[in-house]
Every structure is written in structure tokens, then in C-alpha cells.
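# Residue-level structure breakdown
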Amino acid sequence: MNKNIRQTLLSLAVAGASLAAFPGQASAAAKITIMVGGINKMVYLPAKLAEQLGYFKDEGLDVELQSQPAGVDAENELLAGAVQAVVGFYDHSIDLQTKGKEITAITILGQVPGEVELVSTKAAPHFQSMADAKGKTLGVTGLGSSTNFLTQYLASRHGITSKQFSVLPVGADNTFIAAMKQGRIDAGMTTEPTASQLLKTGDAQVLIDMRTVEGTVKALGGLYPASSVYVQRSWLNSHKDDAQKLARAFVKTLKFINTHSAEQIADKMPKDYYGNNKPLYVQALSNSLPMYSQDGKMPKGGPETVLAVLSGFNPNVKGKHVDLSKTYTDEFVDAVK
């Protein structure tokens, strides 16, 4: 064997040993950016909790969580190709299909919206139900958001059209609280922990509670699958392995939520999520636990309820053919052992 051949074989052997020593470098996972429609909202808690528990890393995923104040903003980031997945409300998948966009939910995180319609204490004497929304200003996270969808539908059930009240996008958390306290909105739709904060200070009262199955069925006529992990179908078709890993991480997170107390879950969250009032955060989380899915699967009849709600007021959806089978898939959660 001549010298050049021996050197070539030696180089190949060294290269092979390097790959064996650092296998992760040979098949490093592509970075996945997930946009969350308000990362501090408890409806989307599974996203941050999965990160905190290390479940993304366990799957070999390089996940970056980003946040937008409203689901519609997260949706736009996905459609622009700036992110690979969104943790947002499932109803966007139906709405977007009517606009020619194919979005598919791969894991259902919330079997109910987890939303609360709060009325300010000042407005409460003359605002007993959504039948009293006429002439009022109602707060939503953003125009085109799921809170906007639900607000319009709840009013329409009482014969109130969207032209008979004003909608003001006020975001969530502190901006929502400020809008309520300053009287810029008479009522508004928000989630935990914002709802518990306003109830504790006495600035608001509950008008409609969709944090539980019972409250949701009463308000909307059935289960309303809400928070979910959704992706563009084109990405899904070419990244099934990544989709499976994401689904597994989120299903494991849902299992953790359903087998631990609110306090144990809060202990896993970053301190800035509850600040100086951890007991209030724990109480808000305890109020929210019924909304989380047990297994990540689409609840039976859920898509039909969401379609009925959107068809009730949304001209983009009303009367349009929607193939619900393309708006979600249980393929990946079914494969989780």
C-alpha cells in the first residue's frame, strides 16, 4: 500500500471517529420557531411548560418560543414563513381554509377556550348579559383574533350584530387590565391569570365563563377546541418527523398537567410568570386546569361546533364549504405511546 493511499484511509478513519464522537453534529435537528399568541396566557401554558420540562430537547428538537399579543399576529407570522408552528386557537385553521390557506392543527391543547367575558364593575348594573352589548365597547386581544370571533358570536346569539357595538383591541395582561380600569371598555374577553387579577381587585365581574366544559357548552352549544399547535400543511407534508416529535413533546406536557397540582405546575414556570403573587397565579391556574386536553386529540364534535360558531357571524365562513378533515389531524398524537 503506497503512502498516499495510507494517508487517505487514515483521514477517512479520523473523520469517521469524529462523527461517532459527535453524532448530534451529523444529524442536527433543524431549528423550529414556534409563535405563541401571548406566551403568558394560561391557555398557552403548555408551550412554555414543555420548554421548562425539557421535553423539546428530549426529542432532539431545537425549539425557540416567540410571542405575539394576539393569535391573529401569530397566524400572520406563520403564513409569511417566519415561523414553523403556532400555538394558537384552532378556529384559525377553519377561517384560513376559506381564504385558500391550508393550516392543520397537529395537537389540541385546550378542549375549551379558557376565555372569560368580564364586565367592568361600573358597567355591570346595566350589562347583565350579552343581550346588553348594544352601544357598548367590548375589548378583544386583536381584530381578527379568536376573542373577536367569540365576542361577535356571543352577541349574535342575542340578536346583536357587530355593527351595534364597538370592538377595541386592547391586547392581554396589563394592557387589558388598564383598559378595564380606565373605563375604555365596558366588558372584554380575556384569559387567566388576567381574569383572576381583575376579579380580586373588584374591578370586574364574570359575565360568561368558558374555562370549564359546562360553561363552554352553555355559551357555545358544545365543546370548542381552542388552544392548539398548528402548522402549514406544506410544512407538515415535508417535516413529518419533526411534527411527530413536537406532538410527542406536547402530549407528554399535557400528561404532566393532568397528573400534577396547580402548585406543582407553577413551580416549573419562570418566576416572572407569577411575579410577587404566586398564590394568585396558582389559584388562576387551578381555575384553568379543566380546560386542558387529556391526550391532545381533537374532541368529538369539536370541529363542528367551531364551524357552527364561525358560520354564525363570519361572512368568510358562512355558506362556504369547509373540509374539516384538513383542519386537524390526530395522526401524530395517536402515534404517541
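Cut-offs applied
Within each chain, residues carry numbers counting from 1 in the order of the written sequence. The predicted origin of the model limits local features to residues at a pLDDT of at least 70 and limits the giving and counting of side-chain atom pairs to 80 or more, whereas totals for whole chains, interfaces and linings rest on all residues. Side-chain metrics rest on all non-hydrogen atoms present in the structure, leaving aside hydrogens and water. A helix here means a DSSP run of H or I that spans at least four residues, while a strand means a run of E at least two residues long, and both kinds are numbered starting from the N terminus. A 1.4 Å probe rolled over the protein chains alone gives each residue an accessible area, and that area as a share of the maximum for its type sets the label: buried under 20%, exposed over 50%, partly exposed in between. Two aromatic rings from Phe, Tyr or Trp, using only the six-membered ring of Trp, form a pair when their centres are within 6.5 Å; if the ring planes differ by under 30 degrees the pair is stacked, by over 60 it is edge-to-face, and anything between is tilted. In this scheme, strands are said to pair when DSSP sees at least two bridges between them. Axis definition: a line fitted to C-alpha atoms, limited for helices to the stretch in contact. Angles are taken between N-to-C directions and run from 0 to 180 degrees. Any two residues whose heavy atoms approach within 4.5 Å at even a single point are treated as in contact. A score from 0 to 100, pLDDT tells how confident the predictor is in each residue. Each salt bridge in this description consists of a side-chain nitrogen of Lys or Arg and a carboxyl oxygen of Asp or Glu lying within 4 Å of one another.

Attention now moves to unusual backbone geometry. Of the consecutive residues Glu192 and Pro193, the connecting peptide bond is found in the cis state with omega at 5 degrees. Secondary-structure assignment places Pro193 in the loop between β8 (187-190) and α9 (194-201). Phi is positive for Asp173, which is not a glycine, with a value near 55 degrees. With respect to the helices and strands, the residue Asp173 is situated in helix α8 (residues 173-181). Look at Asp173 and you get partly exposed, because its relative accessible area is 25%.

Within the structure shown, the criterion is met by 4 aromatic pairs. Ring plane angle 85 degrees and centroid distance 6.2 Å describe the contact between Tyr44 and Phe89, whose orientation is recorded as edge-to-face. Separated by 45 residues along the polypeptide, Tyr44 in the loop between β1 (31-36) and α3 (45-52) and Phe89 in strand β3 (residues 85-89) bring together distant segments of the chain. For Phe89, a relative accessible area of 1% corresponds to the buried category. On the basis of an interplanar angle of 55 degrees and a centroid distance of 5.9 Å, the ring pair of Tyr274 and Tyr281 is categorised as tilted. Of the two residues, Tyr274 and Tyr281, both sit in the buried class.

Within the open sheet, the 5 strands sit side by side as β7-β6-β8-β5-β9. Their pairing is mixed. Since the sheet does not close on itself, it has two edges, and those belong to β7 (166-169) and β9 (204-210), each with one partner. The mean angle between the axes of side-by-side strands here comes to 25 degrees, regardless of whether they run parallel or antiparallel. Sheet topology note: the strand β6 (residues 137-140)/β7 ladder contains 4 bridges and is parallel. Within β7, the residue paired with Leu138 across the bridge is Val167. Most of the contacts of α8 go to β8, to which it runs at about 165 degrees, and overall it touches β5 (115-120), β6, β8 and β9.

Here the focus is the confidence of the model for the chain. Summary statistics for the chain give a mean pLDDT of 89 and a share of 90% for residues scoring 70 or more. Across residues 3-27 the pLDDT falls below 50, and counting only partners more than four positions away or on other chains, this stretch makes 3 contacts in the model.

The next subject is the pattern of salt bridges. Using the criterion set out here, one finds 12 salt bridges in the structure. For the salt bridge of Glu64 with Lys31, the shortest nitrogen-to-oxygen distance reads 2.8 Å. Of this pair, Glu64 sits in strand β2 (residues 62-67) while Lys31 is found in strand β1, placing the two residues 33 residues apart along the sequence. Given the relative accessible area of 31%, Glu64 is considered partly exposed. Of the residues examined, Lys31 reaches a relative accessible area of 45% and is grouped as partly exposed. The residue Arg248 makes a salt bridge to Glu59 at a minimum N-O spacing of 2.6 Å. Residue Arg248 is found in helix α12 (residues 240-258), and its partner Glu59 is found in the loop between α4 (55-58) and β2; the two are separated by 189 residues along the sequence. Residue classification places Arg248 among the partly exposed positions, given a relative accessible area of 28%. A relative accessible area of 12% means that Glu59 is categorised as buried. One salt-bridge network, held together by shared partners, links Glu192, Asp209 and Arg211.

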